[in-house]
Amino acid sequence: MNTAKTVCLAFTGASGLPYGVRLLECLLAAGCRVQLLYSSVAQVVARQEMDLELPGRPKEAEAFFRQRFAALPGTLEVYGREEWFAPVASGSNPPDAMVVCPCTMGTLASIAAGLADNLIERAADVALKERRPLILVPRETPFSTLHLENMLRLSRAGAVILPPNPGFYHHPQTVQDVVDFVVARILDHLAVPHTLMRRWGEEA
């Protein structure tokens, strides 16, 4: 029996795609099965922030990331935003957890309102109704009152709101260190082991 954790990971069009791509890498490194979803705007952000040409077709994106992370033991499946027969679209076959990283305020608002107009929103809706961990990583500043109200509503519904706010007690030396701090916190909430950074109180 396969006991690997299954995580649905969604990239949306907020700034912060390096967090999402690094999280994908770490999940695969930990042997997880990853079900990846992404919006068309996430492709634009990938190009702008990472010079990364994320393919438009799910099967091409699947091949792209499998080649990029070929040495990692986890498995990857990529689904389109309108692929309603994907496992994540039904409560009869939900993932163990879902992460939206980065998460736009529009996606967050849609999830808070219970909308399911695309597969990302539907998968998040499934996670909430099936009481599976849902972690949202909203990359926006400052937050408006509407943003905060939507986050509060989702928190009360069981979601974890995890803005990518890095700490500096581990003395980061590079941008990658800052990214890894945030990714480490996401992995902790998923109960996925990692060695990305020294924990508070540990010896150097």
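Before reading further, recall that the structure is shown in the block above.
Residues numbered from 1 in each chain as written. Predicted model: local features only at pLDDT ≥ 70, side-chain atom pairs only at ≥ 80, totals over all residues. Heavy atoms only, no water.

Asker: Where do I start with the packing of helix 1 (residues 17-29) against helix 2 (residues 40-50) in this structure?
Answerer: Between two packed helices, what matters for the description is the angle formed by their axes and the separation of those axes. Interaxial distance between helix 1 and helix 2 falls to 9 Å at its minimum, and their mutual angle equals 95°. Judged by the angle between their axes, helix 1 and helix 2 are roughly perpendicular. Two secondary-structure elements touch here, helix 1 through Leu-17, Pro-18 and Val-21 and helix 2 through Ala-42, Val-45, Ala-46, Glu-49 and Met-50. Across the contact of helix 1 with helix 2, the residue classes tally to seven nonpolar, no polar and one charged. (Axes fitted to C-alpha atoms, helices over the stretch in contact; angles between N-to-C directions. Helix = DSSP H or I, 4+ residues; strand = E, 2+ residues; numbered from the N terminus. Parallel < 35°, antiparallel > 145°, perpendicular 65-115°, else oblique. Contact = heavy atoms within 4.5 Å. Nonpolar A, V, L, I, M, F, W, Y, C, P; charged D, E, K, R; others polar.)

Asker: Just to check I follow, could you spell out helix 3 (residues 58-68) for this structure?
Answerer: An α-helical turn contains 3.6 residues, so a residue and the one three or four places further along point in the same direction. Among the residues of helix 3, those classed as buried are Ala-61, Glu-62 and Phe-65. All buried residues of helix 3 lie within an arc of 105° about the axis, which places them on one face of the element. Projecting away from the buried face of helix 3 at angles above 90 degrees are the exposed residues Lys-59 and Gln-67. (Buried < 20%, exposed > 50% of the residue type's maximum accessible area, 1.4 Å probe, protein only. Arc of directions from axis to C-beta.)

Asker: How should the side chain of Thr-107 be read in this particular structure?
Answerer: Inspection of the secondary structure puts Thr-107 in helix 4 (residues 105-112). Take Thr-107: its relative accessible area is 12%, and that puts it in the buried class.

Asker: What is the right way to look at helix 2 in this model?
Answerer: Burial in helix 2 covers these residues: Ala-42, Gln-43, Val-45 and Ala-46. End-on view of helix 2: buried residues confined to an arc of 165°, all on one side of the axis. Those residues of helix 2 that are buried are in contact with strand 1 (6-11), helix 1 and strand 2 (33-38). After helix 2 finishes, the residue Asp-51 shows a positive phi value of roughly 50°.

Asker: In this structure, what is going on with unusual backbone geometry? I would like to understand it.
Answerer: Backbone phi values are negative for most residues with the exception of glycine, while trans is the configuration of most peptide bonds. Pro-102 follows Cys-101 through a cis peptide bond whose omega is -5°. As for its placement among the helices and strands, Pro-102 is situated in strand 4 (residues 97-103). A cis amide bond links Thr-141 to the next residue, Pro-142, at an omega of -10°. Within the secondary structure layout, Pro-142 lies in the loop between strand 5 (134-138) and helix 6 (145-157). One non-glycine residue, Asp-51, lies in positive phi territory at about 50°. Locating Asp-51 in the fold gives a position in the loop between helix 2 and helix 3. Non-glycine residue Arg-131 carries a positive phi angle of around 60°.

Asker: When you look at the nonpolar core in this model, what are you seeing that I'm missing?
Answerer: Counting 38 residues, the largest nonpolar core has Phe-11, Leu-24, Val-99 and Ile-186 as its most contacted members. The greatest single-element share of this core, amounting to eight residues, is contributed by helix 1. Residues Met-98, Val-100, Met-105 and Ala-112 belong to the second largest nonpolar core, which totals 25 residues. (Core = buried A, V, L, I, M, F, W, Y, C linked by side-chain atoms within 4.5 Å.)

Asker: Would you take a moment to explain the pattern of salt bridges for this structure?
Answerer: Should their charged atoms come close, side chains of opposite charge can pair. Tallied over the entire structure, the rule returns 11 salt bridges. Glu-25 is the salt-bridge partner of Arg-22, the closest N and O atoms lying 3.1 Å from each other. Here Glu-25 and Arg-22 lie together in helix 1, a separation of three residues that amounts to about one turn. Residue Arg-47 is joined to Glu-53 by a salt bridge in which the shortest nitrogen-to-oxygen separation is 3.2 Å. In the salt-bridge network here, residues are joined through shared partners; they are Arg-22, Glu-25 and Asp-180. (Salt bridge = Lys/Arg side-chain N within 4 Å of Asp/Glu carboxyl O.)

Asker: Is there a simple way to explain the packing of helix 4 against helix 6 in this structure?
Answerer: Running from amino to carboxyl end, helix 4 crosses helix 6 at an angle of 45°, the nearest separation of the two axes being 9 Å. In this view, helix 4 runs oblique relative to helix 6, as classed from their interaxial angle. The interaxial crossing formed by helix 4 with helix 6 has left-handed handedness. Taken together, the residues of helix 6 that come into contact with helix 4 (itself represented by Met-105, Leu-108, Ala-109, Ile-111 and Ala-112) are His-147, Asn-150, Met-151, Arg-153 and Leu-154. Class assignment for the residues of the contact of helix 4 with helix 6 results in seven nonpolar, two polar and one charged. (Left-handed = near helix turned anticlockwise from the far one by under 90°.)

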